[in-house]
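Tertiary structure, described
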Amino acid sequence: MKTKQLMAAVALALLGAQLQANDVANERPPKQGHEAGQAAYLANCAACHQPTGVGLPGAFPPLAGSDYLTDQGPTKVVESILRGLSGKLVVNGVEYNNVMPAMSHLSDADVANIVTYVYNAWDNDGGEISAADVAKARQSLAVSSDPAQGEAHPGTSQGMQKYQGAPSTIPSEDVEMVVNPDAPLMSKAEFGRATQIFFERCAGCHGVLRKGATGKPLTPDLTRAKGTAYLEALINFGSPAGMPNWGTSGDLTADEVNIMARFLQHDPPNPPEFGLPQMRDSWKVLVPVEQRPTKPMHSRNIDNFFSVTLRDSGEVALIDGDTKEIVAILPTGYAVHISRVSHSGRYVYVIGRDAKLDLIDLWMDPPAVVAEIKIGLEARSVETSKYEGFEDRYAIAGAYWPPQYVIMDGPTLEPLKIVSTRGMTVDTQEYHPEPRVAAIVASHEHPEFIVNVKETGRILLVNYADIENLQVTTLNAARFLHDGGWDATHRYFLTAANQSNKIAVVDSKMRKMVDLVDAEKIPHPGRGANFVHPKFGPVWSTSALGNEDITLIGTDPEGHPEQAWKVVQTLKGQGGGSLFIKTHPTSHHLYVDTPLNPDPKASQTIAVFDINNLDAGYKVLPIADWAKLGPGPKRVVQPEFNKAGDEVWFSVWSGKEEESALVIVDDRTLKLKKVIKGPRLVTPTGKFNIYNTVKDVY
């Protein structure tokens, strides 16, 4: 009974901490003094050190009656919070050897309140430190105040953790139960429930096979050594690596916490494979090619259409960029990741995270889905052939699970060739069973698709001239390849190996790697942004998830050889948590979003640089304020130009039950031009202008 009461008290306390973070926004007087310190402690420290400061035996040292606190003093403890601790530590005569992550994402006030609270709680000797003292310590330690740069998970920024932490779409029903006699007993029903919870809540960070990604590995050799009680405590209160407090938050019941603690000690189950029979079973041609129109059946300007992802409703909105009217809202896969357009501009290919691929014919009135297929259980990428003589002939899609790509007939989506990406990593040359397919682009120089294989760090040049005798050239880049795009000439492909902090450069004409360029703190370019630098000539640019850096890389080996494939300038934006950067050949503005920054002042606005005066810094546009929405996170994401390059469209992305919008800005004046909103626009995120997508204009 006491345990249940303690759990309820902790849950209420944590809820109070979450509410406290929103006090100002809700016009409620924020907590002060001891209460503020207690709330911040419970929200950020109780996972390891426990709500009463007693620690976790054998894992995390106590703070109640701690001789470490007495010996170090508040100033040294502040340093430990900002920079983290690792290695052996003796507290009250007991040795501990674990990791305390850097909590630099906390505000100076929160750190000060936590330290002051701890020193004055649980009969400790007392002590006090101010927010100004923390700010001074942060400056002397060269620790950023940008909340997106904190690493509650060691080695992974808060921005990156938000990005990777989304649930997997892999269904659990067909996963076969794998039981190890060295692990605690589980029933088949318990195993099925645990598998579902893991895919929905854990796989995005830890990987489907629990090998680790953003989150730590959770393989049985590690989890069995910890034991059920230890795992229950971490799942319940949260982990030292920044894992959410699944139990005390109410997301998992006590029984589910226990099930997960036992499940993690068994061998990871393999989700089912997804080959040609399964693809063909899912493949539907809704409108045969011969029944489709031979010319556009409406007079709208298709080139200036926008394909807009309505993430949580499983739909795509097609919007006329000239009239700003919604032309059609079409059902698609869940959380469409990207839209790609055939070379002719007629067909839009949209792929959801559930690996459902839909083909939309823009010539129809209204546009409609004419074919669909599932290419796996989870996916992110699709592209179409663009080389002369192969226009509109083929499409390719890459899967996260199973790790593979499939080449299809372009107009019908009939699956023609499936290739696995399992293999050795580029650095240690160890076998990886789950190397996911990330970005895919179509070469303009050869009949090839350029395919990023995420975990192995290899780039594949897939020649589709003869798909029956497929030729694949493998280039060695760096691990964790993700997104990227072309330079302005469409010869060089620049792509982020984001957790290796590199930009890989591929010469698509000579079919070889050119260079690996350093770009700190998890570069995330989207497709990047090309412009002519006033001093250094043509550059391609990327922002980052992990810090405020905007990296400009020279891309003109003939006209500016000294700057080619080097960082020529690093701009400072609003902070980490950026997903997209964008400009246009007719614009002198560079737009940078920060939707994953924990600070609403950054996540709800956009930074704009004048390309002709980059040293002047950026202006901030209050995009979310201009939308005039109700409650919600209102994250501003993905600038996208219209065909003419005189308008920039932004998504203001709130929750599924909250109001979202599209905000259109005049690029010449940086003034609000139009807001599109309404109940049909559910969680808009990615937007893709037809002409710019076909022509690779960014």
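Structure shown above.
Before going into details, it helps to say that this report is about the structure given with it. (Residues numbered from 1 in each chain as written. Predicted model: local features only at pLDDT ≥ 70, side-chain atom pairs only at ≥ 80, totals over all residues. Heavy atoms only, no water.)

**Section: the sheet that holds strand β28 (residues 567-572)**
For clarity, the cut-off: Two strands qualify as a pair provided DSSP detects at least 2 bridges between them. To qualify as a helix, a DSSP run of H or I must reach at least 4 residues; to qualify as a strand, a run of E must reach at least 2; elements of each kind are numbered from the N terminus. Here the axes come from fitting lines to C-alpha atoms, over the contacting stretch only for helices, and the angles between their N-to-C directions go from 0 to 180 degrees.
Strand order in the open sheet formed by 4 strands is β25-β26-β27-β28, and the pairing between neighbours is antiparallel. Only two strands of the sheet have a single partner each, and these edge strands are β25 (529-533) and β28. Averaged over all pairs of adjacent strands, the angle between strand axes in this sheet comes to 30°, irrespective of strand direction. Of the strand pairs in this sheet, β25 and strand β26 (residues 537-542) are connected by 5 bridges, and their pairing is antiparallel. Bridge assignment links Val 532 to a residue of β26, and that residue is Pro 538.

**Regarding unusual backbone geometry**
Note the cis peptide between Asp 365 and Pro 366, where omega equals -5°. As for its position among the elements, Pro 366 is in the loop between β9 (356-361) and β10 (368-374). Of the consecutive residues Trp 401 and Pro 402, the connecting peptide bond is found in the cis state with omega at -15°. With respect to the element layout, Pro 402 can be found in the loop between β12 (394-401) and β13 (404-409). In this model, Asn 501 sits at a positive phi of 55°, which is unusual for a non-glycine residue. Tracing the sequence through the fold places Asn 501 in the loop between β22 (492-497) and β23 (502-507). Here Trp 565, not a glycine, exhibits a phi torsion of approximately 60°, which is positive.

**Some points on the pattern of salt bridges**
Spelled out, the test is: The salt bridge definition used is simple: a Lys or Arg side-chain nitrogen within 4 Å of an Asp or Glu carboxyl oxygen.
Overall, the coordinates contain 31 salt bridges when judged by the stated rule. Note that Arg 668 and Asp 667 form a salt bridge whose closest N and O atoms lie 3.1 Å from each other. Ionic contacts of the salt-bridge type, sharing partners, join the residues Lys 284, Lys 356, Asp 358 and Glu 372 into one network.

**Observations regarding helix α4 (residues 67-83)**
At 3.6 residues per turn, the α-helix brings residues three or four places apart onto the same side. Basically, it comes down to this: Any helix carries an expected span of 1.5 Å times its number of residues minus one. What the bend at a residue measures is the angle between two axes, fitted to the seven residues ending there and to the seven starting there. Using a 1.4 Å probe on the protein chains alone, a residue whose accessible area is under 20% of its type maximum counts as buried, one over 50% counts as exposed, and one in between counts as partly exposed. Pairing of N or O atoms within 3.5 Å defines a polar contact, subject to two protein rules: one partner must be a possible hydrogen donor and the other a possible acceptor, and residues neighboring in sequence count only if both atoms are side-chain atoms.
Spanning 17 residues, α4 covers only 21 Å between terminal C-alpha atoms, well under the ideal 24 Å at 1.5 Å per step. Along α4, the largest kink reaches about 105° and is centred on Gly 73; proline Pro 74 follows within four residues of it. Burial in α4 covers these residues: Tyr 68, Leu 69, Gly 73, Val 77, Val 78, Ser 80, Ile 81 and Leu 82. In this structure Ser 66 caps α4, since a side-chain oxygen of it lies 3.1 Å from the backbone nitrogen of Tyr 68. One or two residues past the end of α4 sits Gly 84, with phi positive at roughly 85°.

**What to know about the packing of helix α8 (residues 188-201) against helix α12 (residues 254-263)**
Heads up, the rule is: For classification, angles of less than 35 degrees are called roughly parallel, those exceeding 145 degrees roughly antiparallel, those between 65 and 115 degrees roughly perpendicular, and all remaining angles oblique. It only takes one pair of heavy atoms within 4.5 Å for two residues to be counted as in contact. Ten residues, namely Ala, Val, Leu, Ile, Met, Phe, Trp, Tyr, Cys and Pro, are considered nonpolar, four, namely Asp, Glu, Lys and Arg, are considered charged, and the remaining ones, Gly among them, are considered polar.
The interhelical angle for the contact between α8 and α12, taken along N-to-C directions, is 90°, at an axis separation of 9 Å. Taken together, the axis directions place α8 and α12 in an arrangement best described as roughly perpendicular. Mapping the contact onto sequence places Glu 190, Phe 191, Arg 193, Ala 194, Thr 195, Ile 197 and Phe 198 in α8 and Glu 256, Ile 259, Met 260, Arg 262 and Phe 263 in α12. Class assignment of the residues belonging to the contact of α8 with α12 gives a composition of 7 nonpolar, 1 polar and 4 charged.

**Points about the nonpolar core**
Worth spelling out the cut-off: Here the nonpolar core consists of buried residues drawn from Ala, Val, Leu, Ile, Met, Phe, Trp, Tyr and Cys, with membership extended through side-chain atoms lying within 4.5 Å.
Phe 198, Met 260, Leu 357, Ile 375 and Met 408 are the most contacted members of the largest nonpolar core, which totals 56 residues. Those residues in contact with Met 408 that sit more than four places away from it in its chain are Leu 357, Ile 373, Ile 375, Arg 393, Tyr 394, Ala 395, Ile 396, Ala 397, Leu 413, Glu 414, Pro 415 and Leu 416. Judged by nonpolar contacts, the second largest core, of 26 residues, contains Ala 46, Leu 69, Val 115 and Val 134.

**A closer look at helix α6 (residues 131-140)**
As a reminder, the rule being used: The directions considered for the arc are those from the helix axis to the C-beta atoms.
Of all the residues in α6, the buried ones are Val 134, Ala 137 and Arg 138. Down the axis of α6, the sector holding all buried residues measures 100°, keeping them to one side. For α6, the exposed residues lying more than 90 degrees away from the buried face are Ala 132, Lys 136, Gln 139 and Ser 140. Here the buried face of α6 lies against α4 and α5 (108-120). Ala 142 occupies a position one or two residues after α6 and carries a positive phi of about 55°.

**A word on the side chain of Asn 501**
Polar contacts involving the side chain of Asn 501 include one to the main-chain amide nitrogen of Lys 521, which spans 3.1 Å. Contact partners of Asn 501, with chain neighbours within four places excluded, come to Val 517, Asp 518, Ala 519, Glu 520, Lys 521, Ile 522 and Pro 523.

**A short note on the sheet that holds strand β29 (residues 581-582)**
A sheet is described by the order of its strands in space; here 4 strands give the open sequence β29-β30-β31-β32, paired in antiparallel fashion. Of all the strands in the sheet, just β29 and β32 (618-621) have a single pairing partner and so form its edges. Where β29 and strand β30 (residues 589-593) come together, 2 bridges link them in antiparallel fashion. Along β30, the bridge assignment pairs Ile 581 with Val 592.

**Thoughts on the pairing of strand β14 (residues 415-420)**
As judged from the 5 bridges shared by β13 and β14, these two strands associate in the antiparallel manner. Considered in β14, the bridge of Met 408 is made with Pro 415.

That's the geometry; what it means functionally is another story.
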